[in-house]
Amino acid sequence: LTNGPTPWGSTIYGADEQSVSIISARPGDRGSYTLYATNTCGTRLTGPVYLSVLSADVGTQGGVRGSDGLFDNNDFIAFITMFFDRDPLADVGSVGGVIGRDFLYDNNDFIVFINLFFGNCP
């Protein structure tokens, strides 16, 4: 990570500090990160740590998986495809439709996705 704007519209602060912030995190920020903690006694590696960014913007033209900045039927098509493919990006809901990953693919994922979609969560 480096400080400054990212290609997908977020901004990273503190990449060389004790605390890192990703402002306006976008789906492009998702992924596995390896963390290094360094002091006078050496360096400790932790990770990988997975950063999940929830968004309803999961589909592009033709319902192809991706982010295009629009909330439309392509997002629904892509979400349904990801859901039935058991893609981890479709595992967004846990018991009671609460945001969270529970490693199940059920109606809670649909509840969270629909709430994200109609809440225009980029």
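Everything numeric in this text was worked out from a predicted model, so none of it was measured. (Residues numbered from 1 in each chain as written. Predicted model: local features only at pLDDT ≥ 70, side-chain atom pairs only at ≥ 80, totals over all residues. Heavy atoms only, no water.)

**Let's talk about the packing of aromatic side chains**
And step 1. Across all of its chains, the model carries eleven aromatic pairs by this definition.
And step 2. Aromatic side chains Phe83 and Tyr105 sit 6.1 Å apart centroid to centroid with 75° between the ring planes, which places their arrangement in the edge-to-face category. In this pair, Phe83 is assigned in helix H1 (residues 73–84) and Tyr105 in the loop between strand S9 (98–99) and helix H2 (107–118), connecting sequence segments 22 residues apart.
And step 3. The exposure class assigned to Phe83 is buried, which follows from its relative accessible area of 9%.
And step 4. Ring-pair connections join several aromatic residues into one group, and the members of that group are Phe71, Phe76, Phe79, Phe83, Phe84, Tyr105, Phe110, Phe113, Phe117 and Phe118. (Phe/Tyr/Trp six-rings, centres within 6.5 Å; stacked < 30°, edge-to-face > 60°. Helix = DSSP H or I, 4+ residues; strand = E, 2+ residues; numbered from the N terminus. Buried < 20%, exposed > 50% of the residue type's maximum accessible area, 1.4 Å probe, protein only.)

**Thoughts on the packing of H1 against H2**
And step 1. Relative orientation of the contacting elements H1 and H2 amounts to 160°, with a least axis distance of 12 Å. Here H1 lies roughly antiparallel to H2, going by the angle between them. By crossing handedness, the relation of H1 to H2 is classed as right-handed. Between H1 and H2, the residues in contact are Asp75, Phe76, Phe79, Ile80 and Phe83 and Asp109, Phe110, Phe113, Ile114 and Phe117, respectively.
And step 2. Its residues assigned to classes, the contact of H1 with H2 shows eight nonpolar, no polar and two charged. (Axes fitted to C-alpha atoms, helices over the stretch in contact; angles between N-to-C directions. Parallel < 35°, antiparallel > 145°, perpendicular 65-115°, else oblique. Left-handed = near helix turned anticlockwise from the far one by under 90°. Contact = heavy atoms within 4.5 Å. Nonpolar A, V, L, I, M, F, W, Y, C, P; charged D, E, K, R; others polar.)

**Observations concerning H1**
And step 1. Over its twelve residues, H1 runs 17 Å from end to end, which matches the ideal 16 Å to within 8%, given 1.5 Å per residue.
And step 2. Among all positions in H1, only Asn74, Asp75, Ala78, Phe79, Met82 and Phe83 are buried. In a view along the axis of H1, the buried residues occupy a sector of 165°, so they form one face of it. More than 90 degrees from the buried face of H1, the exposed residues found are Asn73 and Phe84.
And step 3. Of the residues flanking the end of H1, it is Arg86, one or two places downstream, whose phi is positive at about 55°. (Expected span 1.5 Å × (residues − 1). Arc of directions from axis to C-beta.)

**A few points about the sheet that holds strand S2 (residues 11–13)**
And step 1. Taking strand neighbours across the sheet as the criterion, the three strands line up as S1-S2-S3 in an open arrangement whose pairing is antiparallel. Of all the strands in the sheet, just strand S1 (4–5) and strand S3 (21–23) have a single pairing partner and so form its edges.
And step 2. The pairing of S1 with S2 spans two bridges and is classified as antiparallel. If you follow Gly4 over to S2, its bridge partner there is Ile12. (Pairing = 2+ DSSP bridges.)

**A closer look at the confidence of the model for the protein chain**
And step 1. Residues with a pLDDT of 70 or more make up 96% of the protein chain, whose mean pLDDT is 83.
And step 2. Within the protein chain, no element has a lower average pLDDT than strand S5 (residues 42–51), which sits at 74, and none a higher one than H1, at 94. (pLDDT = per-residue confidence, 0-100.)

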